[in-house]
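Structural features, examined
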Amino acid sequence: MMNDWAGLPATYGDVLRRAMDSLFRTFENFSEGTFIVDAEARVVWINKRYAARFGFADPEQAIGRDCEAVIPNSLMREVVKTGKPILLDILETDREPLVVTRLPLKDDAGDTVGAVGFALFDELKALTPLFSHYSRVQEELIATRRSLAQARRAKYTFGSFVGTSAASLEVKRQARRAAQLESPVLLLGETGTGKELLAHAIHGGSARANQPLVTVNVAAIPDTLLEVEFFGAAPGAYTGADRKGRVGKFELANGGTLFLDEIGDMPLPLQGKLLRVLQDKEFEPLGSNRIVGADVRIIAATSADLPALVAAGRFRADLFYRLNVLTIHAPPLRERASDIEALAYAMLEDLSTQARGGSHYELQDDALRLLCTYAWPGNVRELRNTLERAVMLSDRERIDARALAPFIGSGQGGGRAAKQPAPDGQSPATAASANYAMEPSSWNEAMAAFEKRFLSDALRANGGRVIDTAAQIGMGRATLYKKIAAHGIVV
Ligand SMILES: Nc1ncnc2c1ncn2[C@@H]1O[C@H](COP(=O)(O)OP(=O)(O)OP(=O)(O)O)[C@@H](O)[C@H]1O
Ligand SMILES: [Mg+2]
């Protein structure tokens, strides 16, 4: 094939020679030092300035010596040996470091006959803008990686799971066993029973602990975005897609654990795709021709009645069986009332630490008895919210039943009735609503109160299932999810 050089004037060789000569002179003039070695890495030429820098008053004294004997730490021997240039390097000397370039010299047959080295600058100051840019970018990268790693590490350990009741000990035993195995884990149980806590503890106790733990809250993401969220997309794969493409959670979790929270809310078509990935252990991001391996351990959780969803045709039976290998039922708080005291104390300890001014909150016996008689539909989360509110609004550090009663059941929009009446003869729920019925002072407050009440009732009527509630009241799932969080509704 003709190349671009063909047809050059006969003086081409001359031009090339001139270019090389001029290049050499330019480098020589501008560099802090230049030297040339032969095929044995012995110095054959060195300029005066460079020789003087390394203690040779006369350059002649350096000729014929090994390059390392003249310039300690020189890598010219490597260039001669490999025939490959070292285009940019830093040479440590006993004075300031030098920025150097080393190029092989070849004969017409292409054999390396020597090498030439230029010390470009004798102070790194010339490279300061480059270095500071590099180190800033590097620092940002390290900080981002650190915070990502932090976010993707398990937040809770088995030690965070408070409770010594028989039911709690059994759950912890099963979870520890699950941590030793690789099969999928299915965490079932009412809201607020610690499923997320257990998922973190299982990952943190597993062989994958040093790899990422990535969470997808299926209910919080609109159906149309879920597939991309899971599997990622190639740049420009769909209208409105990120120009740079998107890395899916499966890929982010590679080597680690993928926690699929609220799996009961997963749309049917995506269930099929998830099942395929679990079987094939690989997938293709949207719009790409790239096959990505999925070495991911799945932990799924839901407060929905999954077998009932299967029976109703809303959850694929084959996916259910695939996930239902190591199934752990997080027991509701009312079935382990003996844990309430330890939980309450651990939470108060936590709240005391958070409080300013070194407060130390304690429960009076009557307050504890009150906690143990309530049915706790929102479980441990509700217990925590209740204590938090009581602590916030109490002007004393010792919390008694009277201070606590107004808040019991208040997060539930009424909540379930207590099993026994409270010590003052009133049921805690009634006491709660009596105290909680604040008169709203503005339209906005009235609307917010109405919305909270309306959503709480709708959720309760649908057994706490976000997807069903959203469909019934004609609201987007993502919106409903945000409102639940904003109002602090315990579903
Ligand atoms: N056994 C426990 N010991 C200490 N804290 C707990 C325990 N169980 C739950 N919690 C706390 O209660 C809160 C709710 O727990 P978590 O989020 O794990 O519940 P969940 O089962 O995932 O609820 P949901 O179904 O609503 O998502 C968290 O703050 C968690 O730390
Ligand atoms: Mg959860």
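Refer to the structure above for everything that follows.
The notes below deal with the structure included here. (Residues numbered from 1 in each chain as written. Chains lettered and ligands numbered in written order. Predicted model: local features only at pLDDT ≥ 70, side-chain atom pairs only at ≥ 80, totals over all residues. Heavy atoms only, no water.)

Around ligand 1 there are 17 residues in total, and Val162, Thr191, Gly192, Lys195 and Arg381 lie nearest to it. Gly194 places a main-chain nitrogen or oxygen 3.2 Å from an oxygen atom of ligand 1. Every element with two or more residues in the shell around ligand 1 is listed here: α7 (195-204) and α15 (379-393). Per-element tally for the shell around ligand 1: the top contributor is α7, with 3 residues. Considered class by class, the residues forming the shell around ligand 1 number 6 nonpolar, 6 polar and 5 charged. Mapped onto the domain boundaries, the shell around ligand 1 takes at least three residues apiece from domain 2 (158-329) and domain 3 (333-437). (Near = heavy atom within 4 Å. Polar contact = N/O pair within 3.5 Å; in protein donor to acceptor, adjacent residues only side chain to side chain. Helix = DSSP H or I, 4+ residues; strand = E, 2+ residues; numbered from the N terminus. Nonpolar A, V, L, I, M, F, W, Y, C, P; charged D, E, K, R; others polar. Domains from an automatic or database assignment.)

As a further point, take the nonpolar core. In this structure, Phe230, Phe250, Leu258, Leu260, Ile263, Ile298 and Phe315 are the most contacted members of the largest nonpolar core, which totals 34 residues. Here this core gets 5 residues from one element, more than from any other, and that element is helix α10 (residues 268-280). Once you skip the residues sitting within four places of it in the chain, Phe250 turns out to touch Phe230, Phe231, Leu258, Leu274, Val277, Phe283, Ala294, Val296 and Ile298. Membership of the second largest hydrophobic core comes to 26 residues, among which are Met347, Leu351, Leu363 and Tyr374. (Core = buried A, V, L, I, M, F, W, Y, C linked by side-chain atoms within 4.5 Å. Buried < 20%, exposed > 50% of the residue type's maximum accessible area, 1.4 Å probe, protein only. Contact = heavy atoms within 4.5 Å.)

So, about the sheet that holds strand β11 (residues 297-302). Spatially, β7-β8-β11-β6-β12 is the arrangement adopted by the 5 strands of the open sheet, whose pairing is parallel. In this open sheet, the two edge strands, each paired with only one partner strand, are β7 (213-217) and β12 (326-329). Within the sheet, the average angular offset between the axes of one strand and its neighbour, ignoring direction, is 15°. Two strands pair when backbone bridges link them, and strand β6 (residues 185-188) and β12 are joined in this way by 4 bridges, in the parallel orientation. (Pairing = 2+ DSSP bridges. Axes fitted to C-alpha atoms, helices over the stretch in contact; angles between N-to-C directions.)

All we've got here are geometric facts, nothing functional implied.
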